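Coordinate analysis (summary)
Below are the chains, spelled out letter by letter.
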Amino acid sequence: MLERARKTLPKDRMLTTEECADPWIDLLDAFLLVNTPPNRGEVIPLFPAVYGGRTITFGFQYFTGDDLDRSLPFRAKMARAFAWGAQLGWIGAQILDPKYAHEAEYLRNLAQCRHRAHEFLAYGEMIEPPAVRGVRRIAISGSGTFGGDYHFTLPSVLCSAWRSDNGDVGIALTNMTDEEQTARVDLGGRGLGLKRDGCYRLMRIAPAGEEAAGEIAGPRLTHEEVLPPRSAVVVRLSAMR
């Protein structure tokens, strides 16, 4: 059925579906990953870890009626969507209500940063994230989609790592809080594939554009990033040849 549908699908149209089903990943353009409950323990990005760069994902958790009023549940869901390479959203026009100005600002910053970093967050390969130190954990409570409440904790700054087609590494960082956070990122882990005796040029991809962020060299590869409230950045690391 899907093969027949694709034969008649105009070139500027796409097919999406609810839930994720990797057997049909070559026939569908995007997956609504809404089958991720918030109250069943720690959520891990298994689907993007396997299929990052091969399909588009979005809406991996429902938004409930009071997420925006509580703020942190909304921000936590958006922060994880950004860090895990998902298209942001599945939210209605209520985000435009002036009383949600901070939440709208955060969503806009995430979207603009993601747009500039598609080579990592949309087309890249998800790799093992580096350790991040210096940021506190925050408690998040929200209403379950089908009743009850949920409670969990997350770092105030979420981090993920991606490798682009040209071999550059992108470190995605987002601060979901209303306070400035300083993240100390350990880039020496084997999961990133960086050489401990190597030298790397850093570029900062932010909502407003891209700018030079210095250089780092071994044997200890670390980077400190100061993140304003409700902000996002992707730090590009390119080997200097």
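Values in this document were obtained by computation on a predicted structure and should not be read as measured data.

1. Some thoughts on the sheet that holds strand E9 (residues 169-175)
An order of E4-E8-E9-E14-E11-E12 is seen for the 6 strands of this open sheet, with the pairing classed as antiparallel. Edge positions in the open sheet fall to strand E4 (125-127) and strand E12 (209-217), since each of these has one partner strand only. Averaged over all neighbouring strand pairs, the angle between strand axes comes to 30°, with direction disregarded. Of the strand pairs in this sheet, strand E8 (residues 157-163) and E9 are connected by 7 bridges, and their pairing is antiparallel.

2. Structural notes on helix H5 (residues 101-116)
When the terminal C-alpha atoms of H5 are compared, their 23 Å separation across 16 residues agrees well with the 22 Å that a helix rising 1.5 Å per residue should span. Regarding H5, the residues found buried are Glu103, Tyr106, Leu107, Asn109, Leu110, Cys113 and Arg114. Viewed end-on, H5 has its buried residues packed into an arc of 160°, placing them on one side of the element. Those residues of H5 that are buried are in contact with helix H3 (67-70), helix H4 (72-83), helix H6 (118-121), E9, strand E11 (199-206) and strand E14 (231-239).

3. Regarding a nonpolar patch on the surface
A cluster of nonpolar residues, Ile44, Leu46 and Val50, forms a patch on the protein surface that exposes about 300 Å² of accessible area. Relative to the helices and strands, Ile44 resides in the loop between strand E2 (30-32) and helix H2 (46-51).

Cut-offs used in this document
- Residue indices begin from 1 for each chain and proceed along its sequence in written order.
- Since the coordinates come from a predicted model, pLDDT governs what is reported: local features require at least 70, and pairs of side-chain atoms require 80 or more to be given and counted, while whole-chain, interface and lining totals use all residues.
- Hydrogens and waters are ignored; side-chain quantities use all the structure's heavy atoms.
- Two strands are said to pair when DSSP picks up at least two bridges between them.
- What counts as a helix is a DSSP run of H or I of at least four residues, what counts as a strand is a run of E of at least two, and both are numbered from the N terminus.
- In this analysis, axes come from line fits to C-alpha atoms, helices being fitted only over the stretch in contact, and the angle between any two N-to-C directions falls in the range 0 to 180 degrees.
- Expected helix span is taken as 1.5 Å per residue step, with the number of steps being one fewer than the number of residues.
- Think of it in three bands: with a 1.4 Å probe and only protein chains considered, a residue is buried below 20% of the maximum accessible area for its type, exposed above 50%, and partly exposed in between.
- Picture the helix axis, draw a direction to every C-beta atom, and the arc is the one those directions span.
- When checking whether two residues touch, look at their non-hydrogen atoms; a contact exists if any pair is within 4.5 Å.
- Grouping into patches uses exposed residues only, defined as over 30% relative accessible area, and leaves out salt-bridged ones; the cut-off is 9 Å for like charges and 5 Å for nonpolar side chains (Val, Leu, Ile, Met, Phe, Trp, Tyr).
- Where accessible areas are quoted, they stem from the Shrake-Rupley method and a 1.4 Å probe; at the residue level, only the protein chains shown are allowed to cover.
- Salt bridges are defined as contacts in which a side-chain nitrogen from Lys or Arg sits within 4 Å of a carboxyl oxygen from Asp or Glu.

On their own, these measurements won't tell you what the molecule is for.
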